[in-house]
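Given next are the chains, with one letter for each unit.
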Amino acid sequence: VVDDPEIIEEWLDVLNFTMAEVSHYAALASWNYVTNITKYNTEFLSNVSMLSGNYGLEMKDEARKIVQDNLDFRSRRMLKFALRGGELRDGHKRRLLQVTTNKMQTIYSVGKVCPPDQPAGSTEGCLALEPDVVNIMANTRDYDELLRVWVGWRDAVGPKIGKLYPTYVELKTEAAKIGGYESHTDILLEKYEDPTFEQEVDDLWQQVKPMYLQLHSYVRRKLAAQYGDDKVDVRAPIPAHLLGNMWAQQWNNIYDIVEPFPNQGTIDVTDKMKEEGWTITKMFQVANNFFKSLGLEEMPPTFWSKSMLEKPTDREVVCHGSAHDFSEYNDVRIKMCTEVNMEDLNTVHHEMGHCEYYLQYNKQPVILRGGANPGFHEAVGDTIALSVVTPDYLHQIGLLDSNKIDKSQEINYLMEVALNKIAFLPFGLLIDKWRWQVFRGDITPQQYNEKWWELREEYQGLSPPVERTSSDFDPGAKYHIPSGTPYIRYFVSFLVQFQFHEALCKAANNEGPLHLCNVYNSKEAGAKLKSMLEMGMSRPWPDAMETMTGAPNMDTSAIKEYFRPLMEWLEEENDGELIGWGKELRIFHQ
Ligand SMILES: CC(=O)N[C@@H](CC(=O)O)C(=O)NC[C@H](CC1(C(=O)N[C@@H](Cc2ccc(O)cc2)C(=O)O)CCCC1)C(=O)O
Ligand SMILES: [Zn+2]
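All values reported here derive from a predicted model rather than from experimental measurement.

## Section: the nonpolar core
No. 1: By size, the foremost hydrophobic cluster in this structure holds 173 residues, and its most contacted members are Y165 and F563.
No. 2: No other element matches the 16 residues that helix α6 (residues 143-178) contributes to this core.
No. 3: When sequence neighbours within four positions are dropped, the list of residues in contact with Y165 reads M104, W434, R435, V438, F439, Y448, F473 and I481.
No. 4: Residues I8, L15, A20 and L79 belong to the second largest nonpolar core, which totals 19 residues.

## Points about the site of ligand 1
No. 1: What surrounds ligand 1 is a group of 20 residues, the closest being H320, Y358, K478, Y487 and Y490.
No. 2: Interatomic distance of 3.3 Å between a side-chain N/O atom of H350 and an oxygen atom of ligand 1.
No. 3: Within the side chain of H354, an N or O atom sits 3.3 Å from an oxygen atom of ligand 1.
No. 4: Coverage of ligand 1 by the protein chains reaches 80% of its 740 Å² of free accessible surface.

## Some remarks on helix α3 (residues 73-82)
No. 1: Every buried residue belonging to α3 is among S75, R77, M78, L79, F81 and A82, and all of these are buried.
No. 2: Residues of α3 that are buried sit in contact with α1 (5-34) and α2 (39-63).

## Some points on the pattern of salt bridges
No. 1: Applying the stated rule across the entire model yields 31 salt bridges.
No. 2: Of the charged contacts, one joins K272 and E276 as a salt bridge, the two residues approaching to 3.5 Å between their closest N and O atoms.
No. 3: In this structure, the salt-bridge partner of E410 is K407, at a minimum N-O distance of 3.5 Å. Taken together, the residues E410 and K407, both in helix α16 (residues 407-421) and three residues apart, mark about one turn of the helix.
No. 4: A relative accessible area of 13% means that E410 is categorised as buried.
No. 5: The class for K407 is exposed, based on a relative accessible area of 54%.
No. 6: One network of salt bridges, in which partners are shared, links K60, D61, R64, E87 and R89.

## Overview of the packing of α2 against helix α4 (residues 91-110)
No. 1: With their axes 10 Å apart at the nearest point, α2 and α4 run at an angle of 135 degrees to one another. The orientation of α2 relative to α4 falls into the category oblique. At the point where α2 passes α4, the crossing takes the right-handed sense. Taking contact as the criterion, the partners of T42, L45, S46, N47, S49, M50, G53, N54 and L57 in α2 are, on α4, G91, R94, R95, Q98 and N102.
No. 2: Tallied by class, the residues present in the contact of α2 with α4 amount to three nonpolar, nine polar and two charged.

## A word on the coordination of the zinc ion (ligand 2)
Angles at a metal have ideal values that depend on geometry: 109.5 degrees with four tetrahedral donors, 90 or 180 degrees with six octahedral donors.
No. 1: Listed as protein donors to the zinc ion (ligand 2) are H350 (NE2), H354 (NE2) and E378 (OE); their distances from the metal cover 1.9 to 2.0 Å.
No. 2: Donor residues binding the zinc ion (ligand 2) come from one chain and are separated in sequence as H-x3-H-x23-E. With H350 in helix α13 (residues 342-360) and E378 in helix α14 (residues 374-388), the pair connects residues that are 28 residues apart, well separated along the chain. Each member of the pair, H350 as well as E378, carries the same accessibility label: buried.

## What to know about the pairing of strand β4 (residues 322-325)
No. 1: Summarising the sheet, β4 and strand β5 (residues 332-335) pair through four bridges and their orientation is antiparallel. Looking at β5, one finds that H324 is bridged to R333.
No. 2: Linking β4 back to β5 in an antiparallel pair, the connection comprises six residues, with S327 at a positive phi of about 60 degrees.

## Thoughts on a negative patch on the surface
No. 1: Together, E6, E9, E10, D13 and D72 give the surface a local cluster of negative charge.
No. 2: Within the secondary structure, D13 sits in helix α1.

## Side note on α1
No. 1: An ideal rise of 1.5 Å per residue puts 44 Å on 30 residues; α1 measures up with 42 Å between its terminal C-alpha atoms.
No. 2: Listed in full, the buried residues belonging to α1 are I8, W11, L12, L15, M19, A20, H24, A27, A29, W31, Y33 and V34.
No. 3: If you follow the buried residues of α1, they end up packed against α2, α3, α4, α12 (301-306), β4 and β5.
No. 4: Structurally, the start of α1 carries an N-cap: the backbone nitrogen of E6 is 2.7 Å from a side-chain oxygen of D4.

## Quick look at the environment of R221
No. 1: Counting through the fold element by element, R221 comes out in helix α8 (residues 197-227).
No. 2: For the pair R221 and I238, spaced 17 residues apart in sequence, the C-alpha separation works out to 9.7 Å.
No. 3: Apart from the residues lying within four places of it in its own chain, the contact partners of R221 are V234, E573, N574, E577 and L578.

## Some words on the confidence of the model for the chain
As a note on interpretation, predicted positions should not be read in detail where pLDDT is low.
No. 1: Here the chain averages 96 in pLDDT, and 100% of its residues register 70 or above.
No. 2: Both scores are available for the predicted complex, with the pTM at 0.97 and the ipTM at 0.99.

## Observations regarding the packing of α16 against helix α22 (residues 557-573)
No. 1: The interhelical angle for the contact between α16 and α22, taken along N-to-C directions, is 105 degrees, at an axis separation of 9 Å. Comparing the axis directions of α16 and α22 gives the class roughly perpendicular. Of the residues in α22, those touching α16 at K407, I411, Y413, L414, M415, V417, A418 and K421 are Y562, F563, P565, L566, W569 and L570.
No. 2: For the contact of α16 with α22, the per-class residue count stands at 12 nonpolar, no polar and two charged.

## Some words on the state of the cysteines
What we call a disulfide is simply a covalent bond connecting the sulfur atoms of a pair of cysteines.
No. 1: For the structure on display, the rule yields three disulfides.
No. 2: Each sulfur of the disulfide joining C114 and C126 lies 2.1 Å from the other. Around the S-S axis, the bridge from C114 to C126 shows a dihedral of about 110 degrees and counts as right-handed. Remark: C126 occurs in the loop between β1 (112-113) and β2 (127-128) and C114 occurs in the loop between β1 and β2; sequence separation between them is 12 residues.
No. 3: The exposure class assigned to C114 is partly exposed, which follows from its relative accessible area of 31%.
No. 4: Here C505 connects covalently by a disulfide to C517, the sulfurs 2.0 Å from one another. Across the disulfide from C505 to C517, rotation about the S-S bond amounts to roughly -105 degrees, and the bridge is consequently left-handed. One end of the pair, C505, is in helix α19 (residues 488-507); the other, C517, is in the loop between α19 and α20 (523-533), with 12 residues separating them in the sequence.
No. 5: Given the relative accessible area of 1%, C517 is considered buried.
No. 6: Once the disulfide-bonded cysteines of the chain are ranked by sequence position, their pairing pattern turns out to be 1-2, 3-4, 5-6.

The rules behind each value
Residues numbered from 1 in each chain as written. Chains lettered and ligands numbered in written order. Predicted model: local features only at pLDDT ≥ 70, side-chain atom pairs only at ≥ 80, totals over all residues. Heavy atoms only, no water. Core = buried A, V, L, I, M, F, W, Y, C linked by side-chain atoms within 4.5 Å. Buried < 20%, exposed > 50% of the residue type's maximum accessible area, 1.4 Å probe, protein only. Helix = DSSP H or I, 4+ residues; strand = E, 2+ residues; numbered from the N terminus. Contact = heavy atoms within 4.5 Å. Near = heavy atom within 4 Å. Polar contact = N/O pair within 3.5 Å; in protein donor to acceptor, adjacent residues only side chain to side chain. Areas by Shrake-Rupley, 256 points an atom, 1.4 Å probe, with all protein chains shown as cover. Salt bridge = Lys/Arg side-chain N within 4 Å of Asp/Glu carboxyl O. Axes fitted to C-alpha atoms, helices over the stretch in contact; angles between N-to-C directions. Parallel < 35°, antiparallel > 145°, perpendicular 65-115°, else oblique. Left-handed = near helix turned anticlockwise from the far one by under 90°. Nonpolar A, V, L, I, M, F, W, Y, C, P; charged D, E, K, R; others polar. Donors = N, O, S within 2.8 Å, 3.2 Å for Na, K, Ca; no water. Pairing = 2+ DSSP bridges. Patch = residues over 30% accessible without salt bridge, like charges linked within 9 Å, V, L, I, M, F, W, Y side chains within 5 Å. Lys, Arg positive; Asp, Glu negative; His and termini not counted. Charge placed at Lys NZ, Arg CZ, Asp CG, Glu CD. Expected span 1.5 Å × (residues − 1). pLDDT = per-residue confidence, 0-100. Disulfide = S-S within 2.5 Å.

What follows is the structure in structure tokens.
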């Protein structure tokens, strides 16, 4: 037992130094795998993960001996984080967990959708998820073609991942119990340092659900008009393959079907980007320039020399975008199979937001480097992107001819953003609703798929376009399930990013409405953001929220204020029309 403050401070210094080293090598091994999926890189990643796991276990055993009573807040916080997480002591089980996770991730990353009656074993004419299948889901308006790739993708990766998932759940559960937790769900929730967190997200959802129902009712009617009411029944959930996205998580790709005021121009500047000859590099330079304009850190030289900004042609990679912190030498990178379009311009800002956060908290000890909570990490880039998509800024970077919009163009603009942000909210909630129940043992492997679709109907008002059975594993068709990446962070982000946007607009002395506010070039806004980013996770997240907004809690008033003009318009449109589905189906009256 150690209670000498001198020795404990020394121990924490050594912890910080060794953690930086171990994190650096773990990040490198992961980077090599995701940017070049080979047998060697797979093995190497597995070995480095085992080594960093061993280090983690040793460090926890030592940390348990330390008496925390007379330590200062910061040291106690560092020790709290050092003692967190599950632990598998048995080397074989740790290896099995590693291999199982890697297999699921690889199945997903190399999965392909093949043409009908494809000869077994040949990949001739087969399509990868990104960008081919994603582009079909975004652009085709052929009901049956959409159905073919929607089912094809789930058939290609679902059952294979579904076979491995129970083993994954068992091992994560064992690791949690050895770590002293009831279930792995408690480890996932622990990051929010908030005993009522599950209740809070349910309350927040109830506050924004009316906005979602308005959007859902309007979009369902437009899809019925597009595909015929034999395909889309305005009294029922929407078939899940018609929303322009493989998971129906965001609906911006069907903007043309739902456009409130046709031919008034929109902020979807994809065509203009192509006309203007925008390159992938330019997209990243423009994003970098926005952060610089706020007085924040620019991406360092190694970002440009070591990132992977487009899909390579000579090797298999994990195309799902990601940002990487190498914990040393200011080495931050993005891996992305970027395409020149509006959606990817958003994602570029999202990923660079992660890198900016890495750069801003790198003065903190390694164990205190992280988002104030994971939702904050997801909100940084998206908050900046809320300024980027304004007519004012798009005009400034030459993607819109004028920065003036009239009333109908304003509604079009808000619809475009709502298809990205409002549509996402129930999806951001249901992924971990499903996972929390699975890790608590409330959903058994036999029930995986039926409970998934119950949640998809309950929260999103979607239904599968064809019969699903328990031999399907549709959760596995979404990246974050095989990769084990938590998801409630995105639900949190899609609410707090509007609080952050409001705070930055206030700091920038913005006069106009929140939805047209652009903080580009505002050093005051940058200083406000920086003051929160540099905290990392050195303080509980309400303190970081208070630094940004003046109040410590998550709050839906900002997102409601942002979309108020659109909601008024939608309530007009939906007056007397059917809204909701199942037991909640009713006629809406203003
Ligand atoms: C080493 C490592 O893993 N690093 C972490 C970052 C960190 O934790 O430091 C990381 O890079 N995670 C990858 C993940 C990628 C994306 C994602 O998965 N997005 C969600 C939801 C969504 C969709 C639209 C949107 O505008 C915002 C969110 C989805 O696509 O469903 C793909 C596109 C955008 C973000 C990410 O960047 O969050
Ligand atoms: Zn992210």
